[in-house]
Each structure stands twice: as C-alpha cells, then as structure tokens.
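# Structure assessment
Each chain, written out:
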Amino acid sequence: MARQDKKRDVVIVGLGWTGSIAGIELAREGLDILALERGHDQATVPDFKYPNQIDELKYGVRLKMMQKPSRQTVTVRRSGDETALPYRSLGSFLPGNGVGGAGTHWNGLNWRPQPEELRLRSYVAENWGEEIIPEGMNLGDYPVSYDELEPFFTHFEKVAGISGKAGNLKGEIREGGNPFEGWRSEEFPMPPLPTTYDSSKFRDACLAAGYHPFQASAGIASTAYVNPYGMQMGPCNFCGFCERYGCYQYSKSSPQTAILDALKRMPNFEYRTESEVLRVELAEDGKTATGVTYWDEAAQEEVFQPADIVILSSFSLNNVHLMLLSGLGEAYDPLTGTGTLGKNYAYQMNGGVSLFFEDAEFNPFVGHGANGVCIDDFSVNQNDFGALGFIGGSYWRSGTFNGQPIRSMPLPKGTPSWGAGWKEGIGKWYGHAMSIGSHGSHMAYANNHLDLDPTYTDRHGRPLMRMTFNWQDNDLKMNQYQKSRMEPLAASMNPDVMQSSFKGIGAQYDVRPYQTTHNTGGHIMSETAREGAVNRYCQTWKAHNVFAMGAGNFVQNTQYNPTGLVGGLAYWTVQAIRTQYLSNPRPLV
Amino acid sequence: MTDLPGYPSRRGFLKVSAAGLALSGVALDAKAQDAQPPVPLDRYEPEYLTADEWAFVMAATARLIPSEGDGPGAIEARVPVFIDLQLAGDYGTADDWYMVGPHDAEAAPDRGWQTPLTPAGLYREAIPAFDAWCAETHGAAFAALDGQAQDAALTALQKGEVPLAPELSPFFATLLANTKEGYFADPMYGGNHGMQSWVYIGFPGARAAFREWPERHNVKYPLGPVSIKGERA
Ligand SMILES: Cc1cc2nc3c(=O)[nH]c(=O)nc-3n(C[C@H](O)[C@H](O)[C@H](O)COP(=O)(O)OP(=O)(O)OC[C@H]3O[C@@H](n4cnc5c(N)ncnc54)[C@H](O)[C@@H]3O)c2cc1C
Ligand code: SF4
C-alpha cells in the first residue's frame, strides 16, 4: 500500500529549468508547493566548487551529472522494421539529473525562435504553397505567436541573465546584432562577451563575404548582474569547463544561479530529492489528476502525493514517458495518424567544418559554453524553400568552448587513430584548429515518434519508452546546402587543412556520438485536442489541472537551441495559471 | 540583493571565490612534486587485472601510444594503472548503464553498447580470446610478440578481422578509448603521470581561469598545467 502524504496546492515533477520557474512564480502566488526531483541535491557551493569540478573524466566522459540509464532510459530504433534496442550507455543525448536538471550543465546558448518558425506551415503555404511540403512531414503552426510570447522571452532572458546585443529593437535594425532575429522589446540584460581569436577570424571572413556576424547570445554573465529575483551573477572567466559541468563561480545561467537560492527561502516551497515520480494519478472521470505517485528512495516505498495542480517539468522525454504511462492522452499511431502522445518527436540537424592552421594559437581551453560569433544568413527566414528544395535552415557559429583533450582533439583526416602517427598528430595540431558549426532545424515526421517499448522495463517494472527516429531527406538536404555554403567561406580563411562533417542523404541515426540534448516534441501544443497533447497554454487536453513544460511542447524543432523558447513558454504558462486558471480551474481552451 | 540575517552573504562569497581563483594558479601546494615516486609498473599490484591481463594491457597500450618520439608514451603516462583502476571501479561494473536483457550482441555498432558484458567483463573475456588468435596467427600471445607483429595484430583487431564472438566486438574501441582517457585524464586517476601528456600538447589542466585571455589573439598561453590536487608541471 502506498504511503499517502498531505495534500499540496501544486506538485512539480522535476526541478530543472522549468520546474524552478514554475516553483518560484507559483510560490509568489502564496500556493503551497512541493517539488519532487528524482536525482540528488546540488548547489554551486559545495557541489560545483573549484577545483573538483574541473574534471573531464568524471563529468565530461563518465557523465556523472547526467541521467543514469540504469535508472531511466529509452529504447531506439530507426524505423518500424527494426527492433528497438536500449540506449544502454549515454551517447547521442544527455538528459540531466538532480536539482537544476540539464540547466546546470548546458552550454548557455540562448536563442529565441524566429517568428516564422512558430507559424511555419502558414509561412510555407503563403510563400510557396502547401504542395512543397514533403509527404510524411507533419508541418505545423504553433498555437501561439511570437508577438504573444515576446514579453515572456524578455522576462526569461532577464531572469537567466543573458549577454548579447539586440539586432532588432522594436523593428529597428541595429549594427552588431542579428538583423534576422525577431523583434525585441528591450536590449539584452548584459552586453556581449569578448571575442576569441577563432571567432574574430570567422567574423572577418563573414564580413568580407557580405554576411551579418554577431556575438552569440549567451546565458553567461559578461558583467556583474542582479536579476529580478535578486540573484547575483559575476563575470565568466572563460574557464572552458562549461558544457557538462556546473559553473563554479556564479557566471553561467542556471536554475541554481538564477532562481533556486531565492526559491528555497520561501516558506511555502518545499522540495524533495531522490523522489522519482512514477505516474500521474487521474480521477475516476479521467478529467483531472488527483496527484502523483512517486518512489521515495530513502524510505524505499511508493508515496501518493495528492495535489490540486500537477506541473510536469521532467524534460521532454521524461514528460512524454510519464504521460504515456499515466494515460494523459492516447498514444500516437503513425499509420492512422490518430492519438497524440509521442507525436512529432524531433531533434537537431547539425554539421560543421574544421580548419587547421599550423601557425595559429587558438588556446582552445579558453572559452565558455556559448562562446562564438554567429551568422543567420542561411537561417529559416532567409532561405527560399521553393528554390532550394527543402524546408528549414541553420545558424552558424564559431568559438572555442571546450579544449578538453579526451574529447576535443580534432586531427586532419588521414592522421592515424593510434600509434606513433597519432602521438605526433596531437603534438602538432592541438591548439591549432578551429571549427565552424551549422546548427539546423529539424522538422516533424509521421515516422519519428515515441511510444512504450514492448520488451524492456525499468527497475520499477514500467515499460521503457521507445524512440523511433531516423534522419529524413528534407533535413539532410538542408544540411548539404549549408555545407555547400560553408565550405567556400572556410576556404576563404586559407587554412592549411580543412575538412567537413555533414550528414548526407542516406545517413542513419547513430546513438553513439554526442549530438545534442535538444529532444523535442512528443506532447505537442495544438489548436485542437485531435492534433496534440496540450493546448496553447501547455495545459493537457486530457486533464485540465496538469500542465506540461519544456521542449516536448514543440510542434517541430526550430533551428536553434531550445531553452530560450522553453523558458519563454514556461513563463507564458505560469502567467495563464496565475491570471486565468487559479480563480476558476477549467480547461482554458 | 539584501542578504538575509543568519545566511552566509552571497556577496561575500563571490568576493572570496574570486580571490581564491586568482590564487589558484600560484598558491596551490607543490607537495606532490616532493612526494614519493609511485611504485614502478613492474611492481604494481593490479586491483582488477590478472597477471596475464596486466601483461596484455601493458603491451597493448605501449603500442597504442608508443614511447618513441616526442611526448610521453602510455607507459610513461602510467596508462595501465589508470585502466586497472577504472575497471576495478563503477565504470568497470557499468553501474550507471542499463544492462538488462535481452541483449543483441550482433547489433550494428551504431546501435551503441549491446553486449551483455560490462567493460571489466569485456577485458576479461576478450584478452584470452585475442591472445589465442595471436598465438594461432603470429605464434605467441600478444605480449610476447615483437612491436611490428603487435601493430599488425592490433590493426586486424581494429578492422574487425580477428574472428571474435559478437559480445567481444566493442573490445578494440573500448581499449583505445580507455587508453586515451588514461593519457589525458587528471593524474589523480592514475594515468597522465606528472601531467606529461598535458605538457606535451599544451593543455593547462585544471587552471580554469582565463579572464584576461579571450582577447589575447594568436598568443600562446604560457603557463604549464596544474592538477586537481594542486601539482604543477
Ligand atoms: C550538455 C547539454 C548542453 C546543452 N546546451 C544547451 C544550450 O546551449 N542551449 C540550449 O538552449 N539548450 C541546451 N541544452 C538543453 C537544456 O539543458 C534544456 O533545454 C533545459 O534544461 C530543459 O529544461 P527542462 O526544465 O525541460 O528540463 P531539465 O532542466 O533537464 O530538468 C528536468 C528535471 O526533471 C528531473 N526528472 C526527470 N524525470 C523525473 C521524474 N520521473 N521524477 C522526478 N524528477 C524527474 C530531472 O532529474 C531533472 O532535474 C543542453 C543540454 C545538455 C544536456
Ligand atoms: S566558462 Fe564561465 S560560465 Fe562556463 S563554467 Fe566556466 S566560469 Fe562558469
């Protein structure tokens, strides 16, 4: 028999970026809140302190901050014909674990989507006609517009502490910013960070080619800063242990630096770690949730936690898994197109060029997770989809972010992978290579989706979630187009050696190399209950007191890293809860 | 932000931590340099590996990163010690991994780790199997071959030309990855002895404070590495 605890106004599932946002905003309404986090507790002090954090083996390679597959993982297959096999050790994507979630060890590249990306189906239809949409692509509009979300993007950027320069301030295009971005109501909270040597070489080449370079917008403090919750950040010192690490000096934007210390001081907020939510419990009529059942690791027992509102903020993949297990919607069937849970799982289409300069000193260990100069000249709103034969685009970036030698040792093709030739190669080339990356959009397709695995189970006996995913021609064509544009630019920089890695037509999804943790979709937003799992306020269509946060809401993925949109949507959702839902709990659409 | 009474001042902490960092490059102790030299590899008592396995790991890593030429080899970096300690720990036992069956060891490599073996189990089963192949093909166990024959055997192993059971197929990739990890990881894990590998390529280790460096373009960073425990080289 499960233990039952005292009822709360709100239970939050997962205390990462979005759980922290929901926690502080709803706590400020005076609600009694409990956040349940499956992982360990962790704070800047003592957990991220210098020098313990500067450990590539422990965090960069053995991934001690990440979700442990022994506790939770998925199975993966590339098509319906393949048998899904477990993702046994982490590779392609690295979901976070513990307080702060992936928000503690992300890179801090903070982007807003382009306005066109949130109404992509309409944008395509208006400009080229629906007939250019390939068969099998589930292209959609988000049921919320850029203009509606703009204040919430701005607010998230203030809370997170983002450094950058506006390129479009209320419609006015500004020198040095990104001229192709959506309008901003305000300048960035902090000025851009300094430019490293590789970035400056890239910037010069872009200017010479007539492109529009700008400093990446970064969740990395460039100055001393105090955010709206009174949290302080200090300027980053380019320590180079950023992605996959907690920041040891309050410079990287994270739930810890931006929210949690303020939240933990509120008497009506409590959080429990080592508490893994197993399912959301529904009332008999199935129209509301009564609370959640979780596994209390310390007590080694199941606990039923009743609550009036349930916030799912456990990261996209975990949210979808919980929703499938809890009956918070019907599983998507790609053959019939019915059902919504697991629909439109999407990812990111990336490629890049490495450039080697024998005589240049790049000091690749001097950097931060969001370092770099970018261009958006080949982004979604710049590409002529009709002429190019694909829908999508990418942003390019060049900047040192990790010179850690176990994982970051680019060598010219033909260098042996071991032996005397390898040793000579690392001595010759370490520190003399730079790269340009293309970070591209990924559309949603009928045959990329999530459901429950028929074979494999977790330690609680629950079926693992099954991911059916492979690269699709539309996005691969987009990638090849970026290659065709990037190679001439790279060549104009006159490297001694250069080489590209861009997936081409026929590429199969390989779960081993790290790609991104930008796993999107699966509980998508929609105009009607037939098309998606949540409405425009990210309230589940199934149970009106369950709200889902995170990139699982994405209709299809954008060309950018997701967290700017994830954070904006989280503030949009809590605003709806505060101003529309609390006074009259009901379906808001 | 107003600091709450009774709570440590965040502002105070920021100051302290910045000061601590400024010192980190110079103030950390040099004790490690005076410390006893570590036990020589031929007298090292492995935690996990058997004597035959140890001989294999010594011989194989010595070919993967040879001693000749500039920079340390795997032996000077004490990579075999690193591998032994990793296999004895929670990496060896795959504690963090999902190891529940059924296993499809014949799955293509791009499906990820699908063998039922843990890394420690993989070394245990693959070494005798590979040694047996070496004996059959080259006339002796791997450790007893000359350098040229060892390189040929490792090349065959890498290319999948050594007929091994499917459960053993990740062996070469795992051995090579572990060897490079031991070469470049912080010395507290047993390899990268004296931070020689970092010195060789010019990686400053755990310095991790470069506030004035982003805008020093095309200037080589001049300081040698420090380790997590404060050794300098
Ligand atoms: C290495 C890395 C680099 C990244 N870099 C970038 C970047 O540069 N830019 C960008 O935009 N995005 C980046 N991301 C993605 C970014 O981290 C996520 O978009 C963001 O953290 C998502 O917020 P979230 O609240 O949805 O999930 P998270 O922040 O991950 O929080 C989810 C929390 O829920 C907990 N949880 C999960 N399941 C349960 C359960 N059943 N019960 C209780 N708790 C549970 C988890 O332990 C975790 O703490 C990166 C991610 C990684 C891993
Ligand atoms: S690079 Fe900067 S923001 Fe990133 S972890 Fe280091 S000090 Fe923190």
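Above this text sits the structure in question.
Below is a summary of the structure that appears in this document.

Cut-off values and rules
- Residues numbered from 1 in each chain as written.
- Chains lettered and ligands numbered in written order.
- Predicted model: local features only at pLDDT ≥ 70, side-chain atom pairs only at ≥ 80, totals over all residues.
- Heavy atoms only, no water.
- Helix = DSSP H or I, 4+ residues; strand = E, 2+ residues; numbered from the N terminus.
- Contact = heavy atoms within 4.5 Å.
- Areas by Shrake-Rupley, 256 points an atom, 1.4 Å probe, with all protein chains shown as cover.
- Salt bridge = Lys/Arg side-chain N within 4 Å of Asp/Glu carboxyl O.
- Buried < 20%, exposed > 50% of the residue type's maximum accessible area, 1.4 Å probe, protein only.
- Near = heavy atom within 4 Å.
- Polar contact = N/O pair within 3.5 Å; in protein donor to acceptor, adjacent residues only side chain to side chain.
- Nonpolar A, V, L, I, M, F, W, Y, C, P; charged D, E, K, R; others polar.
- Buried area = accessible area lost by both parts, 1.4 Å probe.
- Phe/Tyr/Trp six-rings, centres within 6.5 Å; stacked < 30°, edge-to-face > 60°.
- Lys NZ or Arg CZ within 6 Å of the ring centre and 35° of its normal.
- Core = buried A, V, L, I, M, F, W, Y, C linked by side-chain atoms within 4.5 Å.
- 1 Å grid on protein atoms, 1.4 Å probe; cavity = no way out; pocket = protein on both sides within 12 Å on 5 of 7 lines; lining within 4 Å.
- Sits in = over half its atoms within 2 Å of the grid points.

## Section: the overall build of chain B
Each helix and strand counted, chain B has eight helices and zero strands in total. Along chain B, from the amino end to the carboxyl end, the secondary structure elements read α-α-α-α-α-α-α-α. Expressed as a percentage of contacts within chain B between residues at least 6 apart in sequence, the contacts between residues at least 24 apart total 58%. Carbon and sulfur atoms make up 55% of the accessible area of chain B, which totals about 10700 Å².

## Quick word on the pattern of salt bridges
Residue and element names in this part refer to chain A. As enumerated under the stated definition, the model contains 40 salt bridges over all chains in all. Here E157 ties to R112 by a salt bridge, and the two come within 2.8 Å at their closest N and O atoms. Linking E157 in helix α6 (residues 146–160) with R112 in the loop between β5 (85–86) and α4 (115–118), this pair joins segments that are 45 residues apart in sequence. Residue classification places E157 among the buried residues on the basis of a relative accessible area of 5%. A salt bridge links R184 to E157; the shortest N-O distance between them is 3.1 Å. Taken together, the positions of R184 in the loop between β7 (172–173) and α7 (197–208) and E157 in helix α6 put the pair 27 residues apart, joining distant regions of the chain. Assigned by exposure class, R184 and E157 land together as buried. Put simply, R3, D5, K6, R8, D32, E270, R272, D296 and E301 are held in one network by salt bridges that share partners.

## A few points about the site of ligand 1
All names here are of chain A. Neighbouring ligand 1 are 37 residues, the closest being T18, E37, G98, L109 and T563. Side-chain polar atom of N97 to an oxygen atom of ligand 1: 3.5 Å apart, as the coordinates give it. At a separation of 2.8 Å, an oxygen atom of ligand 1 approaches a polar backbone atom of G98. Calculation on ligand 1 without its partners gives an accessible area of 990 Å², and the protein chains cover 99% of this total. Among the elements of the structure, α1 (17–27) and β12 (275–282) are those that each provide at least two residues to the shell around ligand 1. Top element by residues in the shell around ligand 1 is β12. It accounts for three residues. When grouped by side-chain class, the residues that make up the shell around ligand 1 number twelve nonpolar, 21 polar and four charged.

## Remarks on the interface of chain A and chain B
Size of an interface, as often reported, equals the accessible area lost when the parts are brought together. Between chain A and chain B, the residue contacts involve 76 residues of the former and 78 residues of the latter. Across the chain A/chain B interface, buried area totals approximately 6500 Å², and carbon plus sulfur atoms make up 59% of it. Its largest share of buried area at the contact with chain B, chain A owes to A:R88, A:W418 and A:K423, together 14% of the area lost on that side. Notably, a salt bridge pairs A:E82 with B:R111, separated by 3.7 Å at the nearest N-O pair. Seen at the junction of chain A and chain B, the total is 41 residue pairs in polar contact (both at pLDDT 80 or more). Where the side of chain A that touches chain B is concerned, the elements lending two or more residues are α3 (56–61), β4 (74–77), β5, α7, α8 (255–264), α11 (419–429) and β20 (449–457) of chain A. Among the elements that take part in the side of chain A that touches chain B, α11(A) stands out by supplying seven residues, more than any other. Here the residues of the side of chain A that touches chain B are counted per class, giving 37 nonpolar, 22 polar and 17 charged.

## Some remarks on the packing of aromatic side chains
Per the stated rule, a full pass over the model turns up 56 aromatic pairs over all chains. With a centroid separation of 5.3 Å and an interplanar angle of 20°, the aromatic rings of A:Y537 and A:W572 are classed as stacked. Here A:Y537 is found in the loop between β23 (520–522) and β24 (546–548), whereas its partner A:W572 is found in helix α13 (residues 563–581), with 35 residues between them in sequence. The exposure classification of A:Y537 matches that of A:W572, with both residues buried. Aromatic ring contacts, followed pair by pair, group A:F365, A:Y430, B:W198, B:F203, B:F210, B:W213 and B:Y221 into a single cluster. Directly above the ring of A:F401 sits A:R397, whose terminal nitrogen or CZ lies 5.4 Å from the centroid. In this arrangement the basic side chain of A:K503 is found over the ring face of A:W471, its NZ or CZ atom lying 4.5 Å from the centre.

## Some thoughts on unusual backbone geometry
With an omega of 10°, the peptide bond running from A:V45 to A:P46 counts as cis. Structurally, the position occupied by A:P46 is in helix α2 (residues 44–47). In the segment running from A:Y50 into A:P51, the intervening peptide bond is cis, with an omega of 0°. Residue position: A:P51 is located in the loop between α2 and α3. One non-glycine residue, B:A94, lies in positive phi territory at about 55°. Of the residues examined, B:A94 reaches a relative accessible area of 4% and is grouped as buried. Located in the positive-phi region is B:N192, a residue other than glycine, with phi close to 45°. On the secondary structure map, B:N192 appears in the loop between α7 (171–184) and α8 (196–201). What makes B:N192 buried here is its relative accessible area of 0%.

## Focus on the nonpolar core
Among the nonpolar cores identified, the biggest contains 221 residues, and A:I311, A:L312, A:M467 and B:F130 are the most heavily contacted of them. The element that contributes the greatest number of residues to this core is α13(A), accounting for ten residues. Look past the residues within four positions of B:F130 in its chain and what remains in contact with it is B:F56, B:F142, B:A153, B:L154, B:L157, B:V162 and B:L164.

## Quick word on the environment of B:W213
Tracing the sequence through the fold places B:W213 in the segment after α8. On the basis of relative accessibility, which here comes to 8%, the residue B:W213 falls in the buried class. With sequence-adjacent residues up to four places away left out, B:W213 is seen in contact with A:N363, A:V366, B:V219, B:K220, B:Y221 and B:P222.

## Regarding the site of ligand 2
Residues and elements named next belong to chain A. Taken together, the neighbourhood of ligand 2 is formed by 13 residues, with C236, C239, C242, C247 and H368 sitting nearest. Spatially, ligand 2 is embedded in the second largest cavity. The residue inventory of the shell around ligand 2, partitioned by class, reads six nonpolar, six polar and one charged.

## Structural notes on the side chain of A:S163
Residue and element names in this part refer to chain A. Mapped onto the secondary structure, S163 falls in the loop between α6 and β6 (168–169). Classification of S163 by relative accessible area gives buried; the value is 0%. At 2.6 Å, the side chain of S163 forms a polar contact with the backbone oxygen of I220. Leaving out residues up to four positions away in the same chain, S163 has contacts with F188, M190, P191, P192, L193, A216, S217, A218, I220, A221 and S222.

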